[in-house]
Amino acid sequence: METGPNNSTEDTATWSFITSTSTKSWFLCISLFAVLIRLAVAIHPYSGAATPPMFGDYEAQRHWMEITVNLPVKEWYRNTTANDLRYWGLDYPPLTAYQSYFHGILLKLFDPASVSLFTSRGYESYLGKLLMRWTVLMSDLMIFFPAVLYFLTVYYSRKPNGEKNSMAWHSAMILLNPCLILIDHGHFQYNCISLGLTTAAVAAILSDRDIAGSLLFSLALNHKQTCALYDYYVAMGGRFFNALLFWVATVMSAYYAPAFFGYLLGKCLKRQNPILEILKLGLVVLGTFAVLWWPYLYSVDASLEVLSRLAPFERGLYEDYVANFWCTTSVVLKWKRLFTTQSLKLLCLAATISTCLPSMIQLVRFPSKRGFLHGLLNCSFSFYLFSFQVHEKSILLPLLPASLLAFEEPFMFRWLIYHALLSIFPLLRRDKLVLPYAVLYGLFGLLYYTTGGRKDTTEIYSFYSTLKSSAFACSIFLHMIYMTVTPPEKYPFLFEAVIMLFCFSQFFLVFIYSNSKQWALSKTSIQEDAEKKRL
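Quantities reported herein were computed from a predicted structural model and do not represent experimental measurements. (Residues numbered from 1 in each chain as written. Predicted model: local features only at pLDDT ≥ 70, side-chain atom pairs only at ≥ 80, totals over all residues. Heavy atoms only, no water.)

### Some details on the overall build of the protein chain
- From N to C terminus, the protein chain includes 23 helices and two strands.
- On the protein chain, roughly 22,800 Å² of surface is accessible, and the fraction owed to carbon and sulfur atoms is 68%. (Helix = DSSP H or I, 4+ residues; strand = E, 2+ residues; numbered from the N terminus. Areas by Shrake-Rupley, 256 points an atom, 1.4 Å probe, with all protein chains shown as cover.)

Right under this line is the structure:
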């Protein structure tokens with residue numbers, strides 16, 4: 001069944017008017033609007049606002065700035081009298097630590113009390129909050145926005161002029177992703193950095209700059225734990241061997257890494273000197289890691305000290321009511337009671353590898369640019385649905401490739417956005433972000449359905465139309481119930497569980513659909529290869 005977008009002249013009228021100007025002009029206009037939306041969200045509360053003693057993610061990020069600007073780099077991950085790791089100890093890779101250091105310098109310059117060692121815990125002055133919000137916005141503008149422009153330029157460079165009218169619509173879909181805005185500028189995180197680096201890496205690889213893409217993706221890996229962290233580290237024997245294997249596992253277990261690995265390997269194998277090509281990419285990855293980890297490579301113990309901080313085993317199999325396989329099925333099967341943590345890690349490993357392996361194999365055998373984007377979505381969904389220690393915010397990882405595919409798969413993108421929003425709604429309600437949530441929910445629909453928005457021919461079929469209407473009605477109903485009805489005392493988290501079950505069902509459908517679309521591309525590749533042989 002063909003599901004390509006409808007490109008009628010009438011449908012593209014509005015966006016073609018915008019794109020009749022230069023790319024820089026319309027992208028600047030959309031970017032300014034996206035910045036205004038971010039600023040509007042930023043004036044609302046954040047995670048853990050005025051809730052001692054641990055506060056929330058906002059305080060964690062501020063505390064990392066406090067630690068990095070006041071202590072030597074070798075003590076950032078070490079438990080000392082000056083660095084109590086029990087209070088929001090640094091547990092992200094080195095690039096996050098360097099980012100915290102530079103942001104901490106900014107805070108120290110304008111508001112020294114906000115990063116003062118010991119005395120700044122729970123610091124929530126107006127100036128401090130303003131500076132913290134500013135660091136997120138600057139990260140967006142300096143990394144995520146340019147990466148999106150780079151991707152769009154590469155993605156549409158080979159498309160016909162008629163399809164280029166959709167560039168403005170596509171940029172709005174990515175830059176105004178409501179989930180990313182609410183989590184980064186509302187809840188408070190810096191996902192825009194790791195996702196921006198990943199977007200730039202994807203753009204570089206799509207433009208056949210594989211070395212640059214490998215470098216950028218290595219940076220993304222070292223910014224945030226986009227991985228099924230540390231699943232087997234404890235089970236392995238030998239401390240140095242442990243460190244080496246964990247380092248490889250960190251790269252190879254990242255949400256996007258199987259897709260990058262499979263696609264680049266498939267490309268290398270089709271070239272004249274595949275071993276040389278693989279060695280070049282491997283050296284770039286190792287070199288990037290070596291530079292970023294240099295302060296901790298002076299001894300095995302120092303490296304292990306950092307690696308041990310990147311393992312969130314104490315948080316358990318999942319956090320809160322995340323819409324993945326383990327949390328959903330725990331309604332029936334009490335995984336944490338039936339299995340030890342070590343057994344669960346191995347179980348998660350087996351499930352994650354087995355579900356992302358088909359996508360990897362397809363990319364190795366039939367590497368294609370569209371297949372690469374589907375592979376990113378499928379592999380990231382494998383990790384979200386089946387890996388160890390997943391939380392609600394991890395849905396941003398599958399959302400990124402889905403937004404990059406929005407032109408080709410608008411129906412799938414919209415489907416995923418709506419249910420991703422629902423899946424993080426309980427978290428955002430706790431943060432008192434219901435108003436910006438509702439506004440961004442409506443804004444996304446308005447932009448998506450505006451004249452010139454992409455239409456998918458899938459939606460003309462009665463089955464898909466009925467499915468879409470039913471799911472949307474259920475979503476709205478769940479929002480209303482969650483906001484207005486008090487759950488029974490015996491089951492205080494009943495509605496969170498229902499939302500989780502519903503969202504998991506939708507995510508799994510998207511996962512199956514996208515995998516089928518990726519493998520359907522294999523037929524095209526086989527036909528093209530057959531035609532080349534005839535010639």
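### Describing the nonpolar core
- Counting residues in each nonpolar core, the largest one holds 154 residues, and the members touching the most others are Phe144, Phe372, Phe381 and Tyr384.
- It is helix H20 (residues 410–430) that provides the largest number of residues to this core, a total of 13 residues.
- Contact partners of phenylalanine 372, with chain neighbours within four places excluded, come to Val202, Ile205, Leu206, Ala259, Phe260, Tyr263 and Leu363. (Core = buried A, V, L, I, M, F, W, Y, C linked by side-chain atoms within 4.5 Å. Buried < 20%, exposed > 50% of the residue type's maximum accessible area, 1.4 Å probe, protein only. Contact = heavy atoms within 4.5 Å.)

### Quick look at the packing of helix H18 (residues 369–386) against helix H19 (residues 396–404)
- In contact at an axis separation of 8 Å, H18 and H19 are set at 160° when each is read in the N-to-C sense. Here H18 is positioned roughly antiparallel relative to H19, judged by the angle of their axes. H19 is crossed by H18, and the crossing has left-handed handedness. Two secondary-structure elements touch here, H18 through Leu373, Leu376, Leu377, Ser380, Phe381 and Tyr384 and H19 through Leu397, Pro398, Pro401, Ala402 and Leu404.
- Partitioning the contact of H18 with H19 into residue classes produces ten nonpolar, one polar and no charged. (Axes fitted to C-alpha atoms, helices over the stretch in contact; angles between N-to-C directions. Parallel < 35°, antiparallel > 145°, perpendicular 65-115°, else oblique. Left-handed = near helix turned anticlockwise from the far one by under 90°. Nonpolar A, V, L, I, M, F, W, Y, C, P; charged D, E, K, R; others polar.)

### Concerning a nonpolar patch on the surface
- A cluster of nonpolar side chains, Val331, Val332, Leu333, Leu338, Phe339, Leu347 and Leu501, forms an exposed patch at the surface whose accessible area comes to about 610 Å².
- With respect to the secondary-structure elements, leucine 338 resides in helix H16 (residues 335–338).
- You can call leucine 338 exposed: its relative accessible area is 54%. (Patch = residues over 30% accessible without salt bridge, like charges linked within 9 Å, V, L, I, M, F, W, Y side chains within 5 Å. Salt bridge = Lys/Arg side-chain N within 4 Å of Asp/Glu carboxyl O.)

### Regarding the side chain of glutamate 409
- Note on placement: glutamate 409 falls in the loop between H19 and H20.
- Side chain to side chain, glutamate 409 and arginine 370 meet in a polar contact 3.1 Å long. (Polar contact = N/O pair within 3.5 Å; in protein donor to acceptor, adjacent residues only side chain to side chain.)

### Topic: the pattern of salt bridges
- Overall, the coordinates contain 18 salt bridges when judged by the stated rule.
- The salt bridge involving aspartate 208 is made with arginine 158; its shortest N-O contact spans 3.8 Å. Here arginine 158 lies in the loop between helix H5 (126–155) and helix H6 (161–164) and aspartate 208 lies in the loop between helix H9 (191–206) and helix H10 (210–221), a separation of 50 residues in the sequence.
- Using a relative accessible area of 41% as the deciding quantity, one classes aspartate 208 as partly exposed.
- One salt bridge connects arginine 370 with glutamate 409, and the closest N-O pair in it is separated by 3.1 Å. You can see arginine 370 sitting in helix H18 and its partner glutamate 409 sitting in the loop between H19 and H20, a full 39 residues away along the chain.
- Each of Arg158, Asp208, Asp210, Lys267, Arg271, Glu277, Lys280 and Lys369 takes part in one network of salt bridges that share partners.

### Overview of H20
- Across its 21 residues, H20 extends 31 Å between first and last C-alpha, which sits within 8% of the 30 Å expected from 1.5 Å per residue.
- Isoleucine 424 marks where H20 bends most, by close to 45°; the proline proline 426 follows one to four residues later.
- Burial within H20 is extensive, with 19 of its 21 residues counted as buried. (Expected span 1.5 Å × (residues − 1). Bend = angle between axes of the 7 residues up to and from the residue.)

### Some details on unusual backbone geometry
- In this model, proline 52 is joined to proline 53 through a cis peptide bond whose omega is 5°.
- Note that proline 53 resides in the loop between helix H2 (23–42) and helix H3 (57–70).
- Positive phi is not limited to glycine here, since tryptophan 88 has a value of about 50°.
- Within the secondary structure layout, tryptophan 88 lies in the loop between H3 and helix H4 (94–110).

### Thoughts on the environment of alanine 50
- Counting through the fold element by element, alanine 50 comes out in the loop between H2 and H3.
- Residue class for alanine 50 comes out exposed when judged on its relative accessible area of 58%.
- The sequence separation of alanine 50 and glycine 122 amounts to 72 residues, and the corresponding C-alpha distance is 7.8 Å.
- Aside from chain neighbours lying at most four places away, what touches alanine 50 is Phe55 and Glu124.

### Overview of the environment of leucine 363
- When you line up the elements, leucine 363 lands in helix H17 (residues 341–365).
- Through-space distance from the C-alpha of leucine 363 to that of glutamine 518 is 8.8 Å; in sequence the pair is 155 residues apart.
- Excluding residues that lie within four positions of it along the chain, leucine 363 makes contacts with Ala259, Gly262, Tyr263, Gly266, Gly371, Phe372, Gly375 and Gln518.

### Side note on helix H7 (residues 167–175)
- Of all nine residues that make up H7, nine are buried, and the element is covered over most of its length.
- What H7 keeps buried is the set Met167, Ala168, Trp169, His170, Ser171, Ala172, Met173, Ile174 and Leu175.

### Considerations on the packing of H19 against H20
- At a minimum axis distance of 9 Å, the contact between H19 and H20 shows a crossing angle of 150°. For the element pair H19 / H20, the angle class is roughly antiparallel. In this structure, H19 meets H20 at a crossing whose hand is left-handed. Packed against H19, whose contacting residues are Pro398, Leu399, Ala402 and Ser403, the element H20 presents Phe413, Leu416, Ile417 and Ala420 at the interface.
- Per-class residue counts for the contact of H19 with H20 are seven nonpolar, one polar and no charged.

### Considerations on the confidence of the model for the protein chain
- For the protein chain, mean pLDDT is 86; residues scoring 70 or higher make up 84% of the total.
- The spread of mean pLDDT over the elements of the protein chain runs between helix H11 (residues 239–252), the lowest at 40, and helix H8 (residues 178–188), the highest at 97.
- Throughout residues 1–9 the model reports pLDDT below 50, and contacts reaching past four residues in sequence, or to other chains, amount to 27 contacts.
- Predicted confidence is poor over residues 226–253, with pLDDT under 50, and the contacts of this stretch with residues over four places away or in other chains come to 57 contacts. (pLDDT = per-residue confidence, 0-100.)

### Re the packing of aromatic side chains
- A complete count under the given rule lists 40 aromatic pairs for this structure.
- Taking 5.0 Å as the distance between ring centres and 85° as the angle between the ring planes, the aromatic pair formed by tryptophan 326 and tryptophan 335 counts as edge-to-face. Of the two residues examined, tryptophan 326 and tryptophan 335, each falls in the buried class.
- Ring geometry for phenylalanine 444 against tyrosine 448: centres 6.0 Å apart, planes inclined by 35°, an arrangement best described as tilted. Taken together, the residues span about one helical turn, with phenylalanine 444 and tyrosine 448 both in helix H21 (residues 434–449) at a distance of four residues. Each member of the pair phenylalanine 444 and tyrosine 448 is classed as buried.
- One aromatic cluster in this structure is built from Trp169, Phe413, Tyr418, Phe425, Tyr437, Tyr441, Phe444, Tyr448, Tyr449, Phe472 and Tyr482. (Phe/Tyr/Trp six-rings, centres within 6.5 Å; stacked < 30°, edge-to-face > 60°.)

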